[in-house]
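# An overview of the molecular structure
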Amino acid sequence: MSLSHEVSMDLPVIDLDVFLQQPRDSPAVQAECAKAASALITYGALVLHDSRVSEHDNDTFLDLLEDYFAQPEEELKKDERPELAYQIGVTLENTEKPKCAVDEPCLRVIERLAPSERPLDISAHSPDPKCRFFWRMVEQPPYETQFPGLNAANITPEAPHIKERWGPVMNQWGTSMKNAVEGLTQMTAVGLGLPADTFKDAGRYGPHLLAPTASDLQKYGQKDTILAGFHTDLNFLTIHGRSRYPGLHIWARNTGKRIPVKIPQGNYLLVQAGKQLEHLTGGLVKAGYHEVVVNERTVQVIKERKTRLPDRPLIRISSTFFWHLSSDYDLAPIPELAEKARSVRAQQFNLGRDEGDEAQYPPMKVGEQVSNELKHIALMATS
């Protein structure tokens, strides 16, 4: 698995339709699966095309979430569950901290970037000025989980203009993204030389989350405002629909460059690798670093929407879904992938790309890994 010296700044586009519509052993399917695995190894991210996904469903979802987060704070607070580490319902702004601000390995990643390619400074960054809502999209396991707090029941907001729409809209869009990302887990497994259902089965009972974030651009619309500080995601794969406001930057593993994300219109989604995929592949796939900031394009779109839609809330919603492995799954590197990871790391070093100290991936339950990560970002008590 060789790595080229120069990596394109455009994320590869993977066509899930090829995998779904052609025989699994066909050359076209095998090639597309290899392309998917290579994209995640090289970039930690890719653009996924799935013709089953409806842009209209995303628009309906974004409208609903704008209406929800435009409510007064006292209404939103009714949906907070700090006792469940905010893993269900709403998290209000200035609660979630970017782990990287206090995480030595992450700070060293920033130091290794050229100054012009670094994220906006988070070293003194207070908690993110973003809100979030977690809506579970789970299949209940046929056994008693060791991690019930990570598998709690959903909360439906009470406001009459929200309540009736909430469940159907959240489930419609959430199901579209869940189906798309599960198809990609199969393609990635095939591309890595594993049975197609390796990852899909490991995440069958995962506490998957439809997890939109909201940033109030009336309050936080100034250029270079950090809406979500430089970080990786703790789950297996994160999938995003198009946001109405630009601002997401990612760092591809092999470029050292900040890439402003552009998701094409239509049936396209952005997928990023998370820490669970990194752990299971022994670092062959690295969790992708990203930030959300107010950039020049964000400011332009704010002006455009103020003029065109003066009655709509000026809120940036991220259309985000976190796909998790099952909480009780034993997380440990797959030996043949860990071996490939060592070879890729050596190639990187030979190309002059120092990836820092070799990460360790000790065996643990997925639920333990999630709990450890939540403590870092101040969503779960440390005692």
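Anyway, here's the lowdown on the structure attached to this text. (Residues numbered from 1 in each chain as written. Predicted model: local features only at pLDDT ≥ 70, side-chain atom pairs only at ≥ 80, totals over all residues. Heavy atoms only, no water.)

Let's shift gears to the overall build of the protein chain. Helix and strand counts for the protein chain stand at 11 helices and 16 strands. Carbon and sulfur atoms form 51% of the exposed surface of the protein chain, whose accessible area is close to 16,400 Å². (Helix = DSSP H or I, 4+ residues; strand = E, 2+ residues; numbered from the N terminus. Areas by Shrake-Rupley, 256 points an atom, 1.4 Å probe, with all protein chains shown as cover.)

This structure, assessed with the given rule, holds 12 aromatic pairs. Taken together, a centroid distance of 5.8 Å and an interplanar angle of 85 degrees make the contact between Tyr 143 and Tyr 205 edge-to-face. Residue Tyr 143 is found in the loop between β4 (131-136) and α6 (160-191), and its partner Tyr 205 is found in the loop between α7 (198-202) and β5 (209-210); the two are separated by 62 residues along the sequence. For Tyr 143, a relative accessible area of 36% gives the class partly exposed. Through a chain of ring-to-ring contacts, the aromatic side chains of Tyr 68, Phe 69, Phe 133, Trp 135 and Trp 166 assemble into a single cluster. (Phe/Tyr/Trp six-rings, centres within 6.5 Å; stacked < 30°, edge-to-face > 60°. Buried < 20%, exposed > 50% of the residue type's maximum accessible area, 1.4 Å probe, protein only.)

Right, let's talk about empty space enclosed by the protein for a bit. Rolled over the atoms, a probe with the dimensions of a water molecule shows which regions are left empty. Taken as a whole and judged by the stated rule, the model has 2 cavities of 30 Å³ or more. Here the second largest cavity defines a volume of roughly 40 Å³. Those elements giving two or more residues to the lining of the second largest cavity turn out to be α3 (55-69) and β11 (268-273). Here the residues of the lining of the second largest cavity sort into 4 nonpolar, 3 polar and 2 charged. (1 Å grid on protein atoms, 1.4 Å probe; cavity = no way out; pocket = protein on both sides within 12 Å on 5 of 7 lines; lining within 4 Å. Points joined across faces, edges and corners; volume = space filled by probe spheres on them. Nonpolar A, V, L, I, M, F, W, Y, C, P; charged D, E, K, R; others polar.)

Bringing the pairing of strand β12 (residues 289-293) into the picture now. Taken across its 5 residues, β12 has 5 buried, putting it largely inside the fold. Burial along β12 is two-sided: the face carrying Tyr 289, Glu 291 and Val 293 and the face carrying His 290 and Val 292 are both buried. Relative to β12, strand β7 (residues 226-231) runs antiparallel, the two being bridged by 3 bridges. Bridging from a neighbouring strand, Ile 226 pairs with Val 293 of β12. (Pairing = 2+ DSSP bridges.)

Right, let's talk about the side chain of Thr 298 for a bit. Mapped onto the secondary structure, Thr 298 falls in helix α9 (residues 296-308). Look at Thr 298 and you get buried, because its relative accessible area is 0%. Contacts of Thr 298, omitting those with residues within four sequence positions, involve Tyr 245, Pro 246, Gly 247 and Val 293. (Contact = heavy atoms within 4.5 Å.)

Packing of helix α2 (residues 27-43) against α6 leaves a shortest axis separation of 7 Å and a crossing angle of 95 degrees. Between α2 and α6, the angle falls in the class roughly perpendicular. Contacts between α2 and α6 involve Gln 30, Glu 32, Cys 33, Ala 34, Ala 36, Ala 37 and Leu 40 from the first element and Leu 184, Met 187, Thr 188, Val 190 and Gly 191 from the second. Broken down by class, the residue content of the contact of α2 with α6 amounts to 8 nonpolar, 3 polar and 1 charged. (Axes fitted to C-alpha atoms, helices over the stretch in contact; angles between N-to-C directions. Parallel < 35°, antiparallel > 145°, perpendicular 65-115°, else oblique.)

What follows concerns the sheet that holds strand β9 (residues 248-251). Strand order across the open sheet formed by 4 strands is β7-β12-β9-β10, with antiparallel pairing between neighbours. In this open sheet, the two edge strands, each paired with only one partner strand, are β7 and β10 (258-260). On average, each strand axis in the sheet is tilted by 20 degrees relative to the strand beside it, whichever way the strands run. Here 3 bridges tie β9 to β10, and the two strands are oriented antiparallel to one another. Bridging across to β10, Ile 250 finds its partner in Ile 259.

Turning to the packing of α3 against α6, a few remarks are in order. Closest axis-to-axis distance for the α3/α6 pair is 9 Å, and the angle between their directions is 140 degrees. In terms of axis orientation, α3 runs oblique to α6. Where α3 crosses over α6, the handedness of that crossing is left-handed. On α6, the residues touching Asp 57, Asn 58, Thr 60, Phe 61, Leu 64, Leu 65, Asp 67 and Tyr 68 of α3 are His 161, Ile 162, Arg 165, Trp 166, Val 169, Met 170, Gln 172, Trp 173 and Ser 176. (Left-handed = near helix turned anticlockwise from the far one by under 90°.)

Here α3 contains 15 residues, and its C-alpha end-to-end distance of 21 Å stays within 8% of the 21 Å for a straight helix at 1.5 Å per residue. Those residues of α3 that sit buried are Asp 57, Asn 58, Phe 61, Leu 62, Leu 64, Leu 65, Glu 66, Asp 67, Tyr 68 and Phe 69. Where α3 begins, the side chain of Ser 54 points an oxygen toward the backbone nitrogen of His 56, at a separation of 3.1 Å. (Expected span 1.5 Å × (residues − 1). Polar contact = N/O pair within 3.5 Å; in protein donor to acceptor, adjacent residues only side chain to side chain.)

Space inside the second largest pocket adds up to approximately 770 Å³. In terms of lining residues, the second largest pocket is bounded by 40 residues, among which Arg 242, Ser 243, Tyr 245, Pro 246 and Arg 316 are the most central. Looking at the lining of the second largest pocket, the elements that each hand over two or more residues are α3, β6 (213-216), β7, β9, β12, α9, β13 (315-318) and β14 (320-323). Sorting elements by how many residues they give to the lining of the second largest pocket places α9 first, with 5 residues. Per-class residue counts for the lining of the second largest pocket are 12 nonpolar, 15 polar and 13 charged.

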